[in-house]
Amino acid sequence: MPRMSSLPHSIRQSRHAALRAWRRAAAAVLARVWPQACFVCGERGGSPVCRRCEDTLPWLLGAHCPVCALPTPAGQRCGQCSRRQPAFDATLAVFAYDYPVREMLLRFKNGGAFELQDWLIELLGARVAELSCDLIVPVPLHAKRIAQRGFNPAHELSRGLAHQFGWRLDPGAVVRDIDTPHQAGLRLGERQRNLRGAFRVTRGMEGRHVLLVDDVMTSGTTLGELARSVRQRGATRVTNLVVARTLSPPTRR
């Protein structure tokens, strides 16, 4: 049997879709037969996180920069965004990237917690309930990463939002041509060099408000490079939507 990475792209995509559908169906059956356990405390009740534990999650509720979502004293722009406006206009985040959200997202990204998907989509939907956008673009993964992981978490979240609000979803609007090394542990300058030219926009974006969706925003370099790419094709406004924001991004060098 040929390896997944050696198959044509269209066949790999169909196999990935079939695998995702099977996993979701299996999770739904299991939830009916065996009540779902809270990810935090383990109590069984039917929700990924019980109501008691929801109160303990690291919700991003305090005053923060409207552009990059880092904490600021009175909700004003942070010093970095004041000195240099990023290519994106705003960032919306549900949580700070901390325990136990960090562990939830790692499980979700590694394909081991599909039961979290609908819950995450519901939270993201509440965050953008009053937003209006023309196009949703999930942060793309390189084809090699999709073959390894089996799915793109940002695409799964985006698909749920598009269904909820009737927004247009176009995952093929941006392609990741360069399989960049992992960003973890790199300084800000290294991250920026890593991502230079990584994205290729395949559609015109003239006059559109584009919503970029990802699971985590760390330094903002990935979303910044993606925003720069869609602006070059005519997007007039770019908003980031992420599940979690790292509050201590890498330092400059």
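Refer to the structure above for everything that follows.
Since this is a predicted model, take the numbers as computed values, not measurements.

*Asks:* Any details on the overall build of the protein chain? Residues and values, ideally.
*Replies:* Summing up its helical and strand segments, the protein chain has 9 helices and 6 strands in all. For the protein chain, the residues scored as buried account for 46% of the 253 residues in total. As displayed, the protein chain offers around 12,800 Å² of accessible surface, 52% of which is attributable to carbon and sulfur atoms.

*Asks:* If you had to explain helix α7 (residues 153-165) to someone new, which residues and values would you point to?
*Replies:* Relative to the 18 Å expected for 13 residues at 1.5 Å per residue, α7 spans 19 Å between its end C-alpha atoms, a close match to the ideal helical length. Every buried residue of α7 is accounted for by Pro153, Ala154, His155, Glu156, Leu157, Ser158, Gly160, Leu161 and Ala162. Count one or two residues on from α7 and you reach glycine 166, which has phi positive near 75°.

*Asks:* Tell me about the pairing of strand β6 (residues 237-245), and name the residues and values.
*Replies:* With 8 of 9 residues buried, β6 lies mostly within the body of the structure. Direction of pairing for strand β1 (residues 90-96) relative to β6: parallel, over a ladder of 6 bridges. Of the residues in β6, the one forming a bridge with phenylalanine 95 is alanine 244. Following the chain from strand β5 (residues 209-217) across helix α9 (residues 221-232) to the adjacent parallel β6, one finds a crossover that is right-handed.

*Asks:* Pulling in residues and values, what's your account of the side chain of histidine 209?
*Replies:* Checked against the element boundaries, histidine 209 lands in strand β5. Under the relative-accessibility criterion, histidine 209 is labelled buried at 10%. A polar side-chain atom of histidine 209 sits 2.8 Å from the main-chain carbonyl oxygen of serine 132. Excluding residues that lie within four positions of it along the chain, histidine 209 makes contacts with Leu131, Ser132, Cys133, Asp134, Leu135, Thr236, Arg237, Val238 and Thr239.

*Asks:* So, the pattern of salt bridges: which residues are in play, and what are the values?
*Replies:* Evaluation of the coordinates by the stated rule reveals 10 salt bridges. Put simply, arginine 102 and glutamate 103 hold a salt bridge, and the shortest N to O gap is 3.0 Å. Take glutamate 103: its relative accessible area is 25%, and that puts it in the partly exposed class. One network of salt bridges, with partners in common, ties together Asp98, Arg102 and Glu103.

*Asks:* Hey, could you go over the packing of helix α5 (residues 117-127) against α7 for me, with residue numbers and the actual values?
*Replies:* In contact at an axis separation of 9 Å, α5 and α7 are set at 55° when each is read in the N-to-C sense. Of the possible angle classes, the one that applies to α5 and α7 is oblique. Seen from above, α5 lies across α7 with right-handed handedness. From α5, Gln117, Leu120, Ile121, Leu124 and Gly125 reach across to α7, where they touch Glu156, Leu157, Gly160, Leu161, Gln164 and Phe165. Residues that form the contact of α5 with α7 fall into these classes: 6 nonpolar, 4 polar and 1 charged.

*Asks:* Break down the nonpolar core for me, with residues and values.
*Replies:* Counting residues in hydrophobic clusters, the biggest one holds 34 residues, and the most contacted among them are Phe95, Trp119, Leu120, Ile136, Leu157 and Leu241. Ranked by the residues each element gives to this core, the list is headed by α5, at 5 residues. Not counting the four nearest positions on each side in its chain, phenylalanine 95 is found in contact with Leu57, Pro58, Trp59, Leu60, Val101, Trp119, Leu123, Val243, Ala244 and Arg245. Among the nonpolar cores identified, the runner-up in size contains 29 residues, and Cys81, Phe88, Phe199 and Val242 belong to it.

*Asks:* Describe in detail the sheet that holds strand β2 (residues 135-138), supporting the description with residues and values.
*Replies:* Pairing in this open sheet of 4 strands is parallel, and the strands run β1-β6-β5-β2 from one edge to the other. Each having just a single partner strand, β1 and β2 make up the two edges of the open sheet. Shown here is a sheet whose adjacent strand axes are inclined to one another by a mean of 20°, direction ignored. Sheet analysis places β5 next to β6, joined by 8 bridges and oriented parallel. Across the sheet, the residue bridging to valine 213 is leucine 241, located in β6. Contacts between α7 and the sheet are confined to β2, β5 and β6, with β2 contributing the most and set at about 160° to the helix.

*Asks:* Explain the environment of leucine 212 to me, using residue names and the numbers behind them.
*Replies:* With respect to the element layout, leucine 212 can be found in strand β5. Here the alpha-carbon distance between leucine 212 and valine 139, two residues 73 residues apart in the chain, equals 6.5 Å. Setting aside chain neighbours within four positions, we find leucine 212 in contact with Val137, Leu223, Leu226, Ala227, Val238, Thr239, Asn240 and Leu241.

Reading the values: rules and limits
- Residues numbered from 1 in each chain as written.
- Predicted model: local features only at pLDDT ≥ 70, side-chain atom pairs only at ≥ 80, totals over all residues.
- Heavy atoms only, no water.
- Helix = DSSP H or I, 4+ residues; strand = E, 2+ residues; numbered from the N terminus.
- Buried < 20%, exposed > 50% of the residue type's maximum accessible area, 1.4 Å probe, protein only.
- Areas by Shrake-Rupley, 256 points an atom, 1.4 Å probe, with all protein chains shown as cover.
- Expected span 1.5 Å × (residues − 1).
- Pairing = 2+ DSSP bridges.
- Right-handed = clockwise from strand over helix to strand, strands pointing away.
- Polar contact = N/O pair within 3.5 Å; in protein donor to acceptor, adjacent residues only side chain to side chain.
- Contact = heavy atoms within 4.5 Å.
- Salt bridge = Lys/Arg side-chain N within 4 Å of Asp/Glu carboxyl O.
- Axes fitted to C-alpha atoms, helices over the stretch in contact; angles between N-to-C directions.
- Parallel < 35°, antiparallel > 145°, perpendicular 65-115°, else oblique.
- Left-handed = near helix turned anticlockwise from the far one by under 90°.
- Nonpolar A, V, L, I, M, F, W, Y, C, P; charged D, E, K, R; others polar.
- Core = buried A, V, L, I, M, F, W, Y, C linked by side-chain atoms within 4.5 Å.

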